[in-house]
Amino acid sequence: MAETHVLFVEDDDVIREATQLALERDGFTVTAMPDGLSGLEAFRANRPDIALLDVMVPGLDGVSLCRRIRDESTVPVIMLSARADSIDVVLGLEAGADDYVTKPFDGAVLVARIRAVLRRFGHAGGAAGEQEEGGPDERGVLVFGDVEVDTEGMEVRKAGDPVALTPTEMRLLLEFSSAPGSVLSRDKLLERVWDYGWGGDTRVVDVHVQRLRTKIGQDRIETVRGFGYKLKA
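Per-chain numbering applies: the sequence of each chain, read as written, is numbered from 1 onward. Owing to the predicted nature of the model, reporting of local features is limited to residues with pLDDT of at least 70; listing and counting of side-chain atom pairs is limited to 80 or more, with chain, interface and lining totals taken over all residues. Excluded from the side-chain calculation are hydrogens and water; included are all heavy atoms of the structure.

(A) Here's a closer look at the overall build of the chain. Per the secondary structure count, the chain includes eight helices and 11 strands. Three labels apply to residues, based on accessible area from a 1.4 Å probe with only protein chains included: buried if under 20% of the type maximum, exposed if over 50%, partly exposed otherwise in between. Looking at the chain residue by residue over its 233 residues, the buried ones come to 49%. A separation of at least 24 residues holds for 59% of the contacts in the chain among residues at least 6 apart in sequence. Per-residue accessibility takes into account occlusion by the displayed protein chains alone, with areas from the Shrake-Rupley method and a 1.4 Å probe. If you sum the accessible surface of the chain, you get close to 10,900 Å²; carbon and sulfur atoms cover 49% of it. Under the DSSP-based scheme used, a helix requires at least four consecutive residues in state H or I and a strand at least two consecutive residues in state E, with every element numbered from the N terminus. Here a residue-residue contact requires only that any non-hydrogen atoms of the pair lie within 4.5 Å.

Shown next as structure tokens:
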């Protein structure tokens, strides 16, 4: 089996070299770049399996680099931020990142988060098998108003037009589709979509729900204050 190729963009020489060595010891192939522009060039040249981007890098900052990558690919992106409460975290998620890790980080934690992201990207349709009542028709298609979710082809249409979702957004929609009208808590979504059995930052959920709303309709996913979200059947 081919090794997973990680693009790592980090301007701090010590962190970049130490992290690259740690990832390579865990079996990853790593292309490490010191700035955003060289990172974008490396992404286009190598097409990695996952991108690990520091928020504050010169030339082209991590958020802008994430946005450029997302314009071209649905490859998973993890942002690295020095502050857990930084607005950069939200900006990175809004730009299309799938997750973030706060610096300084433990190497084992980083590897676990990378593998969690790769697992859900490799099994984007995992939620569909849990549907019972209100499940897909014989074509494997669920219909919610003008939104159609093809659970077999992993495609979404709104008013007949295709909707481009990232794998994380697709998994999130599949979770909602598996229980339309039922409230799903942020913690439950973190567990099912982000593979956080130990909990995590619920901002990841909130930003992805908002991104999903912009694509399938702002009124399609309802906020239930104090509890979570539900898909309107």
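(B) Examining the pattern of salt bridges more closely. Between Lys or Arg on one side and Asp or Glu on the other, a salt bridge is scored when a side-chain nitrogen of the former is within 4 Å of a carboxyl oxygen of the latter. The full count for this structure, using the stated rule, is 14 salt bridges. For aspartate 13, the salt bridge goes to arginine 16, with nearest N and O atoms at 2.7 Å. With aspartate 13 and arginine 16 both in helix 1 (residues 13–25), this residue pair falls three residues apart, about one helical turn. Measuring nitrogen to oxygen at the nearest pair gives 3.8 Å for the salt bridge that ties glutamate 191 to lysine 188. In this pair, glutamate 191 and lysine 188 are both assigned in helix 7 (residues 186–193), three residues apart and thus about one turn of the helix distant. Looking at glutamate 191, the relative accessible area reads 42%, which means it is partly exposed. Salt bridges sharing common partners tie together Glu10, Asp54 and Lys103.

(C) Inspection of the sheet that holds strand 1 (residues 5–9) at higher detail. Pairing within the open sheet is parallel, and its five strands lie in the order 2-1-3-4-5. Since the sheet does not close on itself, it has two edges, and those belong to strand 2 (29–33) and strand 5 (99–102), each with one partner. For this sheet the average axis-to-axis angle between neighbouring strands, irrespective of direction, equals 20°. Whether two strands pair comes down to DSSP finding at least two bridges between them. In terms of strand pairing, strand 3 (residues 50–54) meets strand 4 (residues 77–81) through four bridges, oriented parallel. Where helices are involved, their axes are fitted lines through C-alpha atoms of the stretch in contact, as for all axes, and angles between N-to-C directions lie from 0 to 180°.

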